[in-house]
Amino acid sequence: MTHRSLTPPAAAAVVLTAMASVLVAHQPAQAAADRIRLGSASDVSRSMWNGPAFTMNGAGGIVTASMSRAVDEIRGGTGSLDVVVLAGSAPTSGSRTPECDTITGLPGVNSCTTWTLTTAGDGDNSQMNTDVRNAEFVYFAGGDQCRYAAWKGTALETSVEAVVAKGGGSGGGSAGHHINSPIVYDACNGSVTSAEALANPYDRYVSFTTGMFTWANYGAVINDSHFVTRDRMGRTMSFLARAVKDGLAPGGSAWGVGVEEGGGSLFLDRNGMATQYGKDAYVVLADHQPEQAVERKPLTYSGFKIWRLTPGSTFDFRNRPTCGYYLRSVTNGVTDANLYNGTPVTDCGTQGGGSTVAESEPNDTRDTADDATALASPGTLTGSMKSTSDRDYFKVSAAAGQTVSVNCAVPTAYDADVYWLDANGGTLTRSVNDGAGTDESLSFTRTASGTGTYYLDVEAYSGSGTAAYSCTLTRS
């Protein structure tokens, strides 16, 4: 019998086919969606729930204080509810249900079901979606928020929204904290450090997913986790500048919520009031366009407003405060010192008849003026000329025969002029001294009867910067 050898092309084809067979044979099979249920095998049936309520944790684990509060508020203090935990991968050691192990021990919990979903397609798993819709709280475990962002547009997204809509709740830790904000830093291209994000806000590692979950009172927010320990203030600043520059946040302002690990948890109730548990959190506001946010250039942004939330403190996300913050800036990728501590520009406890009112952009017109009508006498008005065309308006009042005087200390970074305007915007008097750092002062007396409305207009004449001016207002 004669054996005919293969020609070189045919031989190569056989080798490639054999190699492909080996690769297929050794390719690991994709794990199927996995379900483990603890507690009751039957779901609670109830027509009304008292949420929504949310928990935003700085690390992946459950914070019992905030989770217990969420459970109590959703069930109204009576009866019990069901919880689903969603994970993008199984724990590498220890219990396969670490979150549910804690949750099932809390009063008012009927069951806790852990679903481990490893593909985007698992978001359409029918049994999982049934469990989610029958639950009253959905907790996203720590892990990889890019896996969670891949569930956008699946049935799971709609199911979680249905839980919140019926008065349930949502939450998560670490990656699960990220996915619960309307603008998600998804890390799909890799994780970015503060130094990298500040050096280039358009670094390839900075990517976002938007339009997945937008919870009531929590709009225009970017969440971040492990905040102080991993020094993430800088990258949150860069994220916010990007969100404003790229129009990701409605209204031209973007808010960061950074929660510290080690037990930090921000609880948000149905009215938008947040309470901090365990460790500190930070709320960071970018309320104007960055001075520089372009590809391959370092970030420059003046005047981020930062609120530090210590355990037990509150923050009203429905009526977001215009007081209680300190200011920090970034210049050519370098941040101001002491990012995580600062003296507030104003004390919220003194607003409404207090001693200081700080500007809150936008306040560039009489219609958007900061309200200083309840400012005590003497009182202080503060702000900064953020650009060479910036104008800051403050609304004030004067009674019949009352003289209102203002003395403004202007920093050396710019030259600012001040004007007293009547209710229609007409100029009553002005102070326009020349030179950067030159102080301005003026006064007027109301001769008409009753109480009238007036406006103090502080205008940039030349220069700009984040250094604050301070205007002392007195009535006599």
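For the structure, see preceding data.
Rules behind the numbers
- Residues numbered from 1 in each chain as written.
- Predicted model: local features only at pLDDT ≥ 70, side-chain atom pairs only at ≥ 80, totals over all residues.
- Heavy atoms only, no water.
- Phe/Tyr/Trp six-rings, centres within 6.5 Å; stacked < 30°, edge-to-face > 60°.
- Helix = DSSP H or I, 4+ residues; strand = E, 2+ residues; numbered from the N terminus.
- Buried < 20%, exposed > 50% of the residue type's maximum accessible area, 1.4 Å probe, protein only.
- Lys NZ or Arg CZ within 6 Å of the ring centre and 35° of its normal.
- Pairing = 2+ DSSP bridges.
- Expected span 1.5 Å × (residues − 1).
- Disulfide = S-S within 2.5 Å.
- Salt bridge = Lys/Arg side-chain N within 4 Å of Asp/Glu carboxyl O.
- Core = buried A, V, L, I, M, F, W, Y, C linked by side-chain atoms within 4.5 Å.
- Contact = heavy atoms within 4.5 Å.
- Axes fitted to C-alpha atoms, helices over the stretch in contact; angles between N-to-C directions.
- Polar contact = N/O pair within 3.5 Å; in protein donor to acceptor, adjacent residues only side chain to side chain.
- Parallel < 35°, antiparallel > 145°, perpendicular 65-115°, else oblique.
- Left-handed = near helix turned anticlockwise from the far one by under 90°.
- Nonpolar A, V, L, I, M, F, W, Y, C, P; charged D, E, K, R; others polar.

Turning next to the packing of aromatic side chains. Two aromatic rings, taken as a pair, are described by how far apart their centres are and by the angle between their planes. If you walk through the whole model with that rule in mind, you get 19 aromatic pairs. A centroid spacing of 5.7 Å and a plane angle of 25° characterise the contact between Trp255 and Trp307, whose relative ring orientation is stacked. Residue Trp255 is found in strand 10 (residues 254-259), and its partner Trp307 is found in strand 14 (residues 301-309); the two are separated by 52 residues along the sequence. With relative accessibility at 5%, the residue Trp307 sits in the buried group. Members of the aromatic cluster, connected to one another through ring pairs, are Phe54, Phe140, Tyr148, Trp151, Phe213 and Trp215. Lying over the aromatic face of Trp49, Arg46 brings its terminal NZ or CZ to 4.3 Å of the ring centre. Note that Arg320 overlies the ring of Trp255, its terminal NZ or CZ placed 4.9 Å from the centroid.

Spatially, the 5 strands line up as an open sheet ordered 19-21-26-23-24, and their pairing is mixed. Edge strands, defined here as strands with exactly one partner in the open sheet, are strand 19 (370-371) and strand 24 (427-431). When strand 19 meets strand 21 (residues 391-399), the two strands line up parallel, connected through 2 bridges. Across the sheet, residue Asp371 finds its bridge partner in strand 21, namely Lys395.

Quick look at helix 9 (residues 233-245) now. An α-helical turn contains 3.6 residues, so any two residues separated by three or four positions project in the same direction. Taking 1.5 Å of rise per residue, 13 residues should cover 18 Å, and helix 9 covers 18 Å from first to last C-alpha, within 8% of that figure. Taking burial as the measure, the 13 residues of helix 9 include 12 buried ones, the bulk of the element. Among all positions of helix 9, only Met233, Gly234, Arg235, Thr236, Met237, Ser238, Phe239, Leu240, Ala241, Arg242, Ala243 and Val244 are buried. Downstream of helix 9 by a residue or two, Gly247 has a phi angle that is positive, lying close to 70°.

A few words now on the state of the cysteines. Scanning the model with the defined rule gives 3 disulfides in all. Covalent S-S linkage joins Cys100 and Cys112, the inter-sulfur distance amounting to 2.0 Å. Every disulfide takes its handedness from the sign of the S-S torsion; for Cys100 and Cys112 that torsion is -70°, giving left-handed. Of this pair, Cys100 sits in helix 3 (residues 98-103) while Cys112 is found in strand 4 (residues 109-116), placing the two residues 12 residues apart along the sequence. Here Cys100 matches Cys112 in class, with each residue buried. With its sulfur 2.1 Å from that of its partner, Cys408 forms a disulfide with Cys471. In this structure the cystine formed by Cys408 and Cys471 twists about its S-S bond by roughly 110°; its chirality is therefore right-handed. Taken as a pair, Cys408 in strand 22 (residues 403-409) and Cys471 in strand 27 (residues 469-475) lie far apart in primary sequence, 63 residues in all.

Turning our eyes to something else, we now look at the pattern of salt bridges. Side chains that differ in charge, positive against negative, can pair when their charged atoms come close. Taken as a whole, this structure holds 17 salt bridges when the rule is applied. We note a salt bridge from Arg296 to Glu295, for which the minimum N-O separation is 3.5 Å. Judged by its relative accessible area of 48%, Glu295 falls in the partly exposed class. Ionic contacts of the salt-bridge type, sharing partners, join the residues Arg37, Asp43 and Asp82 into one network.

Relative to strand 25 (residues 440-445), strand 22 is paired through 6 bridges, and the arrangement is antiparallel. The residue bridging Ser405 from the neighbouring strand is Ser443, located in strand 25.

Among the nonpolar cores identified, the biggest contains 94 residues, and Leu86, Val132, Phe140, Tyr218, Met233, Leu266 and Phe317 are the most heavily contacted of them. Of the residues forming this core, the biggest block, 7 residues, is contributed by helix 9. Setting aside its immediate chain neighbours within four residues, Phe317 contacts Asn217, Tyr218, Val257, Leu266, Leu268, Gly272, Ala274 and Val283.

Taken together, 9 strands build an open sheet; the order of strands is 1-4-3-5-6-2-11-12-15 and the sheet is mixed. Every interior strand has two partners, whereas the edge strands, strand 1 (34-39) and strand 15 (314-316), have only one. Averaged over neighbouring strand pairs, the angle between their axes works out to 15° when direction is ignored. Two strands pair when backbone bridges link them, and strand 3 (residues 81-87) and strand 5 (residues 137-140) are joined in this way by 4 bridges, in the parallel orientation. Residue Leu86 lies in a different strand from strand 5, and its bridge partner there is Phe140. Helix 4 (residues 126-134) rests against strand 1, strand 3, strand 4 and strand 5 of the sheet, and its axis sits at about 135° to strand 3.

Among the 5 residues in strand 6 (residues 169-173), 5 count as buried, and that is most of the element. Here strand 6 shows no split at all, with Gly169, Gly171 and Gly173 on one side and Ser170 and Gly172 on the other all buried. Bridge count between strand 2 (residues 53-57) and strand 6: 5 bridges; the pairing is parallel. If you follow Thr55 over to strand 6, its bridge partner there is Gly171. Pairing of strand 5 with strand 6, which is carried by 4 bridges, proceeds in the parallel orientation. Across the sheet, the residue bridging to Val138 is Ser170, located in strand 6.

Topologically, Arg75 is positioned in helix 2 (residues 64-75). A distance of 2.8 Å separates a polar atom in the side chain of Arg75 from a polar atom in the side chain of Asp72. Apart from residues no more than four positions distant in its own chain, Arg75 is found in contact with Arg46, Trp49, Asn50, Ser80, Leu81, Pro107 and Gly108.

Turning our eyes to something else, we now look at the packing of helix 4 against helix 6 (residues 155-165). Contact geometry of helix 4 with helix 6 gives a least axis separation of 8 Å together with a crossing angle of 15°. By the angle between their directions, the pair helix 4 and helix 6 is classed as roughly parallel. Here helix 4 and helix 6 pass one another in a crossing that is right-handed. When helix 4 is examined against helix 6, the residues Met128, Asn129, Val132 and Arg133 are found in contact with a partner set consisting of Ala155, Leu156, Thr158, Ser159, Val160, Ala162 and Val163. When its residues are assigned to classes, the contact of helix 4 with helix 6 shows 7 nonpolar, 3 polar and 1 charged.

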